[in-house]
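# Residue-level structure breakdown
Take a look at the letters that make up each chain.
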Amino acid sequence: MKFKRKLFVSYLLIVFIPFLAAELYISSVLESRLLQQTENHIFKEASLLKTIIEKEYKNSTPSYEINSLIRKMGRALGERITFINNRGTVLGDSEIAPEELKNIEDHSSRPEFIQAFRTSHGLAIRYSTTLKINMMYVAVKIAPQDKFLGVIRVAVPLIDVKKFIKQTEYGLFAAFLVCMALILILNIAASARLSKPVEEITRTAQEISRGNLQARVYTRTRDELETLGRSINLMASEIQKRVSEISEEKETLQAILRGMSDGVMVIDGDGKIALINRVLHDLFHGDVSATGKAPVEIIRNADFQDGVTQVLDTGKPFKMELPLTTADTERIFDITIVRLTHQDKTAGAVAVFHDITDLKRIEKVRRDFVANVSHELRTPLTSIKGYAETLCHGEIEDLSRAKSFARIILKHANRLSSLVNDLLSLSQLESQRTPLIKKEINVVQVLDTSISLVRPSAEAKQLTIKVDAPEKVLLMADKDQIGEGLVNLLDNAVKYTPKGGSVTVSVTDAADEVLVTVKDTGIGIPKEDQGRIFERFYRVDKNRSRHMGGTGLGLSIVKHIILAHGGRIWVESKLGKGSAFTFSLPKRKHENKFQEVLPLPA
Ligand code: ADP
């Protein structure tokens, strides 16, 4: 029921109940009171009449005289007075003409007569057939000196009492109607004053519950409703504050999850995925939502699922290393699963996927490097040790053998030294311990110097070295390093080109960069090895390289030098036809950053 209607019903009840009480009072108490009063009144009148009659007529009196006295009394009092003698005969009646008296029936059986005869007065209420209305009869015994002469009776029509009660009831009903009209007016006024703020409060509360936390109550009634309105406003702003705090926290969490390079999976208490972050989504999942699925549906590995179950059951953190096939490659993850708690109870688990593929690769590269270095060092050392021991055991006596052994020892020592030198420059380049000393250099001039260093060995193999370059190409670079790189490339071209071949070096001065190509007509490099020749110790033909005095580090060093200058290096080669190594050096300043060697251009 609406507040307005309730208010109306309350007002109605407030008015109706007293009216009902008044009505009940009137119908029950007032009637008997009024009858009592009427009885008392006419009893007093009858008693007075009795005194008068007893004084006037001490003995029996002629009926016509009594009759005239009674008529006088009736006129004076305005009531019906009757005198009935001791035999029940009506001797006088104020309402009946004297000539009619003889026709009146005997009154000795009237209850008020009998009662008055027996006691001293009698009362009766009954319907008067003469007057056709309810009448009250009060009779008083007339008995001077104990001689019963008759009774004097006063009769009052009860129509007045009834009329009075009816009038009072009508009055009450009219008052009730007036009150009702007032209530209606009051209700309209009260609606404006009371239900308007109540309705506003209700409307605002509903809006808040629908999610509009900006809704406010503006009621100013200076009463409890205003206090209620203020409390609702306070509650709404508190909720708003909490909601914005929660959404801020959520956004921070989302930002952390988004920004994390690790994959994150949150699992709820039922062992179902509550959320996964973008990294994990992109790695394993694609477009379908992971929420609500079992972890094993996304990470198809039983050990991982067991790990999640174990954490949820025992609360103990779980760690594992897992190779997983992601969207494009096979990657290795270090997975940590920990329990999520809420009020000391397990609320779920969170699994963090840390990609350790690169770490593993670096680890492997280092291991391989150590193994390679040891192997490369061991070969010449074994030879040196062997020949030195042989010399110690007497071969030194044989001078010609001793000389030959010493030459071998020297050769291996040189090899060791160049190996150590190459390793040293490689490690310096990698650790960037020796910073680049960049100055303006003429690349063509550096190239000429480098060619002059390899020319003797080229001439020994009857190789022609051609240069296709402008006179001057200026560039900011580390002269020594660029020189070292060029020597390495030229040295390889000479080493891997058979007698009578040629080596062509071209320099192109482009808009943003300088391109240098060292091209030979040598043995060429198989397609499958082209991507790996820049790796440390990688050689297409180990024996041939060693025989040529190579360390397998030359191209690695060149790659590092070029990358340190912000350039690129690549190779184009055809087996049996020759190879062309090209590097670029940017003309603009660049960040000194090491990168992987770029894939070969098509
Ligand atoms: P090395 O000291 O063995 O020459 P590098 O790092 O300089 O080591 O070269 C790695 C490998 O690349 C060589 O062993 C060789 O197989 C191949 N290579 C380099 N340059 C050439 C070239 N100009 N022609 C053919 N093969 C080459």
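Keep in mind that what you see is a predicted model, and the values were worked out from it rather than measured.

As a further point, take the overall build of the protein. Assigned secondary structure in the protein consists of 15 helices and 17 strands. On C-alpha atoms alone, the protein measures out to a radius of gyration of 66 Å, which is more than a quarter above the 25 Å that the 2.2 N^0.38 rule sets for 602 residues. Referenced to the eigenvectors of the C-alpha coordinate spread, the extents of the protein come out at roughly 205 × 55 × 35 Å. In the protein, which comprises 602 residues, the share counted as buried stands at 39%. A fraction of 58% describes how many contacts in the protein between residues 6 or more apart in sequence connect residues 24 or more apart. Taken as a whole, the protein presents about 35,600 Å² of accessible surface, with 56% of it coming from carbon and sulfur. Averaging the locations of the 84 positively and 74 negatively charged side chains of the protein gives two centres separated by 3 Å.

So, on to the pattern of salt bridges. One pass over the full model with this rule turns up 22 salt bridges. The residue Glu105 makes a salt bridge to Arg110 at a minimum N-O spacing of 3.3 Å. Looking at Glu105, the relative accessible area reads 51%, which means it is exposed. Residues Glu376 and Arg415 are paired through a salt bridge, measuring 3.1 Å at the closest nitrogen-oxygen approach. Of this pair, Glu376 sits in helix α9 (residues 357-392) while Arg415 sits in helix α10 (residues 399-431), and the two are 39 residues apart along the sequence. Of the residues examined, Glu376 reaches a relative accessible area of 2% and is grouped as buried. We classify Arg415 as buried; its relative accessible area is 12%. Taken together, the salt bridges that share partners define one network made up of Glu112, Arg126 and Arg153.

Once that is clear, we can look at the sheet that holds strand β15 (residues 513-520). In space, the five strands of this open sheet follow the order β12-β14-β15-β17-β16, with mixed pairing throughout. Only two strands of the sheet have a single neighbouring strand rather than two, namely β12 (464-468) and β16 (568-574). Within the sheet, the average angular offset between the axes of one strand and its neighbour, ignoring direction, is 15°. Bridge count between β15 and strand β17 (residues 578-586): seven bridges; the pairing is antiparallel. By the bridge assignment for β17, Val514 is matched with Leu585.

This paragraph deals with the site of the ligand. Near the ligand you find 21 residues, and of these Asn492, Ser545, Thr551, Gly552 and Leu555 are the closest. Lys495 is positioned such that a nitrogen or oxygen atom in its side chain is 3.1 Å from an oxygen atom of the ligand. Between the ligand and the protein, one listed contact pairs a nitrogen atom with a side-chain N or O atom of Asp520 at 2.9 Å. Burial of the ligand by the protein amounts to 98% of the accessible area it has alone, namely 530 Å².

Moving on to the sheet that holds strand β6 (residues 263-268). The antiparallel open sheet is built from five strands, whose spatial order is β7-β6-β10-β9-β8. Unpaired on one side and paired on the other, β7 (273-276) and β8 (318-325) mark the two borders of the sheet. For this sheet the average axis-to-axis angle between neighbouring strands, irrespective of direction, equals 25°. Examined bridge by bridge, β6 and strand β10 (residues 345-355) share six bridges and lie antiparallel to one another. Looking at β10, one finds that Met265 is bridged to Ala351.

Our next topic: helix α15 (residues 554-564). Counting buried positions along α15 yields 11 of 11 residues, so the element is predominantly enclosed. Gly554, Leu555, Ser556, Ile557, Val558, Lys559, His560, Ile561, Ile562, Leu563 and Ala564 are the residues of α15 that are buried. Elements that come into contact with the buried residues of α15 comprise α10, α12 (479-495), β16 and β17. Gly566 occupies a position one or two residues after α15 and carries a positive phi of about 85°.

Scored by pLDDT, the protein comes out at a mean of 86, with 94% of its residues at no less than 70. Segment residues 593-602 is flagged for pLDDT under 50; beyond a separation of four residues in sequence, or across chains, it makes 17 contacts in the model.

Turning to the packing of α9 against α10, a few remarks are in order. At their nearest, the axes of α9 and α10 sit 9 Å apart, and the two run at 160° to each other. Considered as vectors, α9 and α10 are oriented roughly antiparallel to each other. As for how α9 packs across α10, the hand of that crossing is left-handed. Residues Phe369, Val373, Glu376, Leu377, Pro380, Leu381, Ser383, Ile384, Tyr387, Ala388, Thr390 and Leu391 of α9 pack against Ala402, Phe405, Ile408, Ile409, His412, Ala413, Arg415, Leu416, Leu419, Val420 and Leu423 of α10.

For the second largest pocket, the calculated volume is near 740 Å³. Of all elements in the fold, only α10, α11 (443-460), α12, α14 (542-547), α15 and β17 reach the threshold of two or more residues within the lining of the second largest pocket. The biggest single contributor to the lining of the second largest pocket is α12, with seven residues.

One ladder, built from 10 bridges, connects strand β9 (residues 330-342) with β10; its direction is antiparallel. Following the sheet pairing, Leu340 is matched in β10 by Gly348. The turn linking β9 back onto β10 is made up of two residues, and Gln343 within it adopts a positive phi angle of 50°.

What follows covers the nonpolar core. Counting 45 residues, the largest nonpolar core has Ile482, Leu486, Val516, Val518, Phe581 and Phe583 as its most contacted members. If we ignore the near neighbours within four places in the chain, the residues touching Phe581 are Leu489, Val516, Thr517, Val518, Ile525, Ile533, Phe534, Leu555, Trp570 and Val571.

What follows is about the environment of Gly549. As for its position among the elements, Gly549 is in the loop between α14 and α15. In sequence terms Gly549 and Lys495 are 54 residues apart; their C-alpha atoms lie 9.2 Å from each other.

How each quantity is defined
Residues numbered from 1 in each chain as written. Predicted model: local features only at pLDDT ≥ 70, side-chain atom pairs only at ≥ 80, totals over all residues. Heavy atoms only, no water. Helix = DSSP H or I, 4+ residues; strand = E, 2+ residues; numbered from the N terminus. Rg over C-alpha atoms; globule rule 2.2 N^0.38 Å. Buried < 20%, exposed > 50% of the residue type's maximum accessible area, 1.4 Å probe, protein only. Contact = heavy atoms within 4.5 Å. Areas by Shrake-Rupley, 256 points an atom, 1.4 Å probe, with all protein chains shown as cover. Lys, Arg positive; Asp, Glu negative; His and termini not counted. Charge placed at Lys NZ, Arg CZ, Asp CG, Glu CD. Salt bridge = Lys/Arg side-chain N within 4 Å of Asp/Glu carboxyl O. Pairing = 2+ DSSP bridges. Axes fitted to C-alpha atoms, helices over the stretch in contact; angles between N-to-C directions. Near = heavy atom within 4 Å. Polar contact = N/O pair within 3.5 Å; in protein donor to acceptor, adjacent residues only side chain to side chain. pLDDT = per-residue confidence, 0-100. Parallel < 35°, antiparallel > 145°, perpendicular 65-115°, else oblique. Left-handed = near helix turned anticlockwise from the far one by under 90°. 1 Å grid on protein atoms, 1.4 Å probe; cavity = no way out; pocket = protein on both sides within 12 Å on 5 of 7 lines; lining within 4 Å. Points joined across faces, edges and corners; volume = space filled by probe spheres on them. Core = buried A, V, L, I, M, F, W, Y, C linked by side-chain atoms within 4.5 Å.

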